[in-house]
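Residue-level structure breakdown
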Amino acid sequence: MEDAKSSVGEIDLFTGVQEADVVHKHIVFRELSGIEEDVLASKKMSVSSKITRVLANCVQAFGTIQDRDAVNKMVRKMTIADRIFYLIQLRILSIGRDIQFVDKCPACGNEDKKDFDLNQVVVKDAPVATSLLKEILLPSGKKVRIKVANGESEEKIEKATTDDNAATIGLFVRIDSIDDQPPSLVHVKQMSFKDRNALRKEIDALEGELDDTYKTSCPACGHEYEGDIPINGVDFFFP
Ligand SMILES: [Zn+2]
């Protein structure tokens, strides 16, 4: 049941999701309600599944798709950058566009209050939904097919990451094949540093990036520095 008074927003994703032959980019969504607040506060769900649930709940139409099960699947297939972008738009509609936080000058340690307009966050060099795979050649001669990470990859990362494998899992979920074979975690772990760095570079170029950085100068010492806006899933909605 929809509250008749809840605000409705619309966005166009940077990449979108391909379903059959159509790429759906337009999302009509409603603001957050108590249902989503409970999801965000849940201690039983993983962060990535919370985000998926919240994003999917608020979708009223994903392109031409309105069926709930289909919408859930589409949301899990959104690229990570698109997911964060939509999450930010949900925050803007539900709470507002201004985010305030405290940052520390790296030169003198002075703490400074920052005010940022979330409407400025965009995805740079976003991939197109019809080419989310790319074949590359690593320095060792291995042929690797990489893929753009999405909500499903995020869930896999969260489930599989332990203290000592985070970097490897991050690469592993973005590999479709190595020399035409399905990748194994061991293969990725044993890759040379050169190969892994080349792989990371190609992945970054393929995925584009959500630009959430800001430039500022310290009022105490005048040092100019760059920082990231704190957009971390759950806390982001409880300012
Ligand atoms: Zn300073």
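Here, every reference points to the structure presented above.
What you see as residue numbers is a count from 1 along each chain, following the sequence as written. Reporting in this predicted model follows two pLDDT cut-offs: at least 70 for local features of residues, and 80 or more for side-chain atom pairs to be given and counted; totals over whole chains, interfaces and linings ignore these cut-offs and use all residues. As a rule here, side-chain values cover all heavy atoms of the structure and leave hydrogens and water aside.

**Observations concerning the packing of aromatic side chains**
- Note on ring pairs: Phe, Tyr and Trp rings are taken, using the six-membered ring of Trp, and paired if centres are within 6.5 Å. Classes follow the plane angle, with under 30 degrees stacked, over 60 edge-to-face and the rest tilted. For the structure shown, the criterion picks out three aromatic pairs.
- With 4.8 Å between their ring centres and 80° between their planes, phenylalanine 14 and phenylalanine 85 make a pair best called edge-to-face. Taken together, the positions of phenylalanine 14 in strand 1 (residues 8-19) and phenylalanine 85 in helix 4 (residues 80-94) put the pair 71 residues apart, joining distant regions of the chain.
- On the accessibility criterion, phenylalanine 14 (28% relative accessible area) is partly exposed. Where helices and strands are cited, they refer to DSSP runs of H or I of at least four residues and of E of at least two residues respectively, numbered from the N terminus. Each residue is placed in one exposure class: buried if its accessible area under a 1.4 Å probe, protein chains only, is under 20% of its type's maximum, exposed if it is over 50%, and partly exposed if it falls in between.

**Considerations on the coordination of the zinc ion**
- Counted as donors are N, O and S atoms no farther than 2.8 Å from the metal, or 3.2 Å for Na, K and Ca; water is not among the atoms, and sites may therefore look incomplete. Surrounding the zinc ion are the protein donor atoms Cys105 (SG), Cys108 (SG), Cys218 (SG) and Cys221 (SG), which sit 2.3 to 2.4 Å from the metal.
- One can describe the donor arrangement at the zinc ion as tetrahedral, given that its four donor atoms subtend angles of 107 to 111° at the metal.
- For the zinc ion, the donor residues sit on a single chain with the sequence spacing C-x2-C-x109-C-x2-C. On the criterion of sequence distance, the pair formed by cysteine 108 in the loop between strand 4 (98-104) and strand 5 (111-117) and cysteine 221 in the loop between strand 11 (213-217) and strand 12 (224-228) is long-range, its members being 113 residues apart.
- Residue cysteine 108 is classed as partly exposed on the basis of its relative accessible area, which comes to 41%. Only two sets of limits are used to name each site, 85 to 135 degrees for every angle of a tetrahedral four-donor site, and over 155 degrees for opposite donors with all other angles from 65 to 115 for a square planar four-donor or octahedral six-donor site, with any other site named irregular.

**Some points on the pattern of salt bridges**
- Salt bridge, as used here, is a side-chain nitrogen of Lys or Arg placed within 4 Å of a carboxyl oxygen of Asp or Glu. Summed over the entire model, instances satisfying the criterion amount to 13 salt bridges.
- Across the pair lysine 143 and aspartate 180 runs a salt bridge whose closest N-O atoms are separated by 3.0 Å. Of this pair, lysine 143 sits in strand 8 (residues 143-147) while aspartate 180 sits in the loop between strand 9 (175-178) and helix 7 (185-190), and the two are 37 residues apart along the sequence.
- Using a relative accessible area of 52% as the deciding quantity, one classes aspartate 180 as exposed.

**Brief notes about the sheet that holds strand 7 (residues 133-137)**
- Ordered in space as 7-8-9, the three strands form an open sheet in which the pairing is antiparallel. The sheet is open, and its two borders are formed by strand 7 and strand 9, each paired with just one other strand. With direction set aside, neighbouring strand axes in the sheet form an average angle of 20°.
- Any two strands are treated as partners once DSSP identifies two or more bridges connecting them. One ladder, built from three bridges, connects strand 8 with strand 9; its direction is antiparallel. If you follow arginine 145 over to strand 9, its bridge partner there is serine 177.
- Sitting on the sheet, helix 8 (residues 193-207) touches strand 7, strand 8 and strand 9, and the angle it makes with strand 8 is about 35°. A fitted line through C-alpha atoms serves as each axis, taken over the contacting stretch for helices, and the angle formed by two N-to-C directions is quoted from 0 to 180°. Residue contacts follow a heavy-atom distance rule, with two residues in contact if any of their heavy atoms lie within 4.5 Å.

**Comments concerning helix 5 (residues 151-160)**
- Listed in full, the buried residues belonging to helix 5 are Gly151, Ser153 and Glu155.
- Contact partners of the buried residues in helix 5: helix 2 (47-58), helix 3 (68-77) and helix 4.
- Here a polar contact means two N or O atoms within 3.5 Å. Within protein one must be a hydrogen donor candidate and the other an acceptor candidate, and residues neighboring in sequence count only if both atoms are side-chain atoms. The backbone nitrogen of glutamate 152 has a side-chain oxygen 3.0 Å away, supplied by the residue at the start of helix 5, namely asparagine 150.

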